[in-house]
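Residue-level listing of the chains:
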Amino acid sequence: MRKGYITVYLSLVTGILLSLLLTVIEGVRMHTIRTQTECVMDMAMDSALAEYHREMLEQYELFFIDMSYGGTSPAFSNTEEHIRNYMNMNFRPYELFDIPVGKDLTGLSADGVDLQQAAIASDEKGAVLKKQAITYMKDKWGLGFLEQAAVNAGLIQTGGFLGTDVELRRNETEKQVKEAILNKEEQEAEDWEGKNVELPSDVVNEARGEGILKLAVENSASLSRESIPKAALYTGRSNKMEGTGLPSGVEPPSGVSDTCLFLKYVMDKCGYYNQIKNGSSFSYQVEYILQGKGNDLDNLRGMANQILLVREAANVAYLFSDGQKKSEARGAALLITGVLGMPELEEPVTQLILFAWGYAESVKDLRMLFDGEKVPIIKDSGSWNTPFSQLLTFRGHLSEYPRGQKGLGYGDYLQAFLFLESQEKVTERLMDVMEADIRQTKGNSCFRIDGCMDAMTAEASVSSGYGYQYSIKRAYGYD
């Protein structure tokens, strides 16, 4: 009888212990599934970010996932599938590697991945790309970087040279003088001595008609005439991809410091006249960012004319304030009006001579800038390079100037104009430059900047062979 009681007792206890053991095993299984899912999701997200675009890093020091993966069509689904495949490779490594393995006690597989948020480089008019570029510049230069672009732009603005319409004033004065001379000619006889008088401004106007690049560049035939495929680039496309913008909690770039750091980045990574980038699609990239024309020559010409207007305004303002130079111009005006017999034109003719003199000096300034020299924003008698005696023959003396002057160089002017330009336009045209350059490299002929991702939030659906379903969400990016 005692043995029978013991057997029944052990049977009851064994049943209870077995239930407890199976419950503990199942609890361990569930905890293992959760832990394994978290670890595998983290590894998959890291692996996805490790597939950054090599050319974006090598040429522009930026980390982005190319969602086309070297193909022709970037898509969020491509990255979702990459993450899902990485998860399944880590859930079942024995399918890829010859490793001994016992029974799979979790039986996990990733059924699908959904990108709920994705920061695309071009989102918010390029704010995502701009943010990463500024972060790179802060790491490289630190917060103490000199805000030189703002300083140079301030020098141009405070002088009032951007708002001064020298050409309008010159045209109005020239019209006044020409009409007066024409009326005089109609009243005088055919042997009037003033009939064939040529004003200094006429000689300079002939030079204006030659085009600024022929004057500013010693060998203008050597300039690049490369065309820019604008229609195929970011700003020319209508079917742009869009993401969800900057990740939550990330502030968009703002303020003078951020702007100056970004513009320094543009100047460092893009080519321009005399600083052409190796392997670039076109030569004058910063000029394109500022001018937006369809070929190198037009962009350089537009930039030269823009600088010329500033230099001409500054030089004319100096001439009108310098008593000695005004006296030289007035002496020539007295001779001319004396021959014309029109003393009443002394003042407007003096002004025309000063306008012509200012233009001649401005062309020499451009020659200096394109030769790699610097030019002071505001001239004085010591930095003035065109004597009055060379006014009529200034084209033959453009290369005669002192070297090593202080002031702004060509790159400084570019950076100043970048600061004054719409920053959205600067960022978007920079993305054109990036696309054009990267498409020059092997395997990237269809590269698109709006197919590049910086950060993402992904949710994965996971199932177990033991009947469990899980979902997990992770947010990762290039921080």
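Rules used in this analysis
Residues numbered from 1 in each chain as written. Predicted model: local features only at pLDDT ≥ 70, side-chain atom pairs only at ≥ 80, totals over all residues. Heavy atoms only, no water. Helix = DSSP H or I, 4+ residues; strand = E, 2+ residues; numbered from the N terminus. Rg over C-alpha atoms; globule rule 2.2 N^0.38 Å. Buried < 20%, exposed > 50% of the residue type's maximum accessible area, 1.4 Å probe, protein only. Expected span 1.5 Å × (residues − 1). Core = buried A, V, L, I, M, F, W, Y, C linked by side-chain atoms within 4.5 Å. Contact = heavy atoms within 4.5 Å. Lys, Arg positive; Asp, Glu negative; His and termini not counted. Salt bridge = Lys/Arg side-chain N within 4 Å of Asp/Glu carboxyl O. Polar contact = N/O pair within 3.5 Å; in protein donor to acceptor, adjacent residues only side chain to side chain. Axes fitted to C-alpha atoms, helices over the stretch in contact; angles between N-to-C directions. Left-handed = near helix turned anticlockwise from the far one by under 90°. Nonpolar A, V, L, I, M, F, W, Y, C, P; charged D, E, K, R; others polar. Pairing = 2+ DSSP bridges. Disulfide = S-S within 2.5 Å.

S.K.: How do you make sense of the overall build of the protein chain when you look at a structure like this?
M.R.: Looking only at helices and strands, the protein chain features 15 helices and 4 strands. Taken against the 2.2 N^0.38 rule, which gives 23 Å for 479 residues, the C-alpha radius of gyration of the protein chain at 36 Å runs more than 25% over that of a compact globule. Counting only C-alpha atoms and orienting by the principal axes, one finds that the protein chain spans roughly 155 × 40 × 35 Å. Counting the 479 residues in the protein chain, one finds 48% classified as buried.

S.K.: Sorry if this is basic, but what is going on with unusual backbone geometry here?
M.R.: It is generally the case that most residues other than glycine have a negative phi and that most peptide bonds are trans. Positioned with a positive phi, Tyr69 is a non-glycine residue whose angle comes to about 50 degrees. Of note, Tyr69 is situated in the loop between β1 (65–66) and α3 (76–91). Tyr69 gets classed as partly exposed once you look at its relative accessible area, which sits at 26%. Located in the positive-phi region is Glu124, a residue other than glycine, with phi close to 55 degrees. Inspection of the secondary structure assignment puts Glu124 in helix α4 (residues 123–141).

S.K.: I tried to follow helix α15 (residues 423–438) on my own but got confused; where do I start?
M.R.: Helical geometry: 3.6 residues make up each α-helical turn, so side chains three or four residues apart lie on a common side. Spanning 16 residues, α15 covers 22 Å between terminal C-alpha atoms, matching the ideal 22 Å at 1.5 Å per step. Taking burial as the measure, the 16 residues of α15 include 13 buried ones, the bulk of the element.

S.K.: Hey, could you run me through the nonpolar core in this one?
M.R.: Generally speaking, soluble globular proteins have nonpolar side chains that are buried together. Residues Tyr265 and Tyr410 are the most contacted members of the largest nonpolar core, which totals 109 residues. If you tally residues by element for this core, the top one is helix α13 (residues 346–370), at 14 residues. Not counting chain neighbours up to four residues away, the residues in contact with Tyr410 comprise Tyr272, Tyr273, Glu287, Leu300, Met303, Ile307, Leu369, Phe370 and Glu373. With 28 residues, the next largest nonpolar core counts Val40, Met45, Phe91 and Met453 among its residues.

S.K.: Explain the side chain of Asp123 here, please?
M.R.: Its location among the elements puts Asp123 in helix α4. Arg448 is the oppositely charged side chain nearest to the buried, salt-bridge-free Asp123, at an N-O distance of 11 Å. A distance of 2.9 Å separates a polar side-chain atom of Asp123 from the backbone nitrogen of Gly243. Side-chain polar atoms of Asp123 contact the backbone nitrogen of Thr244, separated by 3.3 Å. In this structure Asp123 touches Ala118, Val128, Glu242, Gly243, Thr244 and Gly245, once residues within four positions along its chain are discounted.

S.K.: Explain the packing of helix α7 (residues 200–208) against α13 to me, please; I cannot follow it from the model alone.
M.R.: Helix packing geometry: the angle between the two helix axes and the distance between the axes. Put simply, α7 and α13 touch, their axes get as near as 9 Å, and they point 35 degrees apart. Pair α7 / α13 crosses with left-handed handedness. Contact with α7, carried on its side by Pro200, Ser201, Val204, Ala207 and Arg208, involves Leu352, Ile353, Phe355, Ala356 and Tyr359 of α13 and no other residues of that element. Taken together, the residues that form the contact of α7 with α13 break down as 8 nonpolar, 1 polar and 1 charged.

S.K.: Explain the pairing of strand β4 (residues 469–477) to me, please; I cannot follow it from the model alone.
M.R.: When a strand is regular, its side chains alternate between the sheet's two faces. The sheet contact formed by strand β3 (residues 452–464) and β4 spans 9 bridges and is antiparallel. Of the residues in β4, the one forming a bridge with Thr457 is Ala475. In textbook terms, the turn of a hairpin is the stretch between consecutive antiparallel strands, and for β3 and β4 this stretch comprises 4 residues, one of which, Gly467, has a positive phi near 95 degrees.

S.K.: Would you explain the state of the cysteines in this entry?
M.R.: Each disulfide consists of one covalent bond between the sulfur atoms belonging to two cysteines. Applying the stated criterion to the full structure yields 0 disulfides. The structure places no disulfide on Cys446, whose sulfur is separated from the nearest cysteine sulfur, that of Cys452, by 13 Å. Taking relative accessible area as the criterion, Cys446 reaches 33% and is therefore assigned partly exposed.

No statement about biological role is implied by the geometric values presented.
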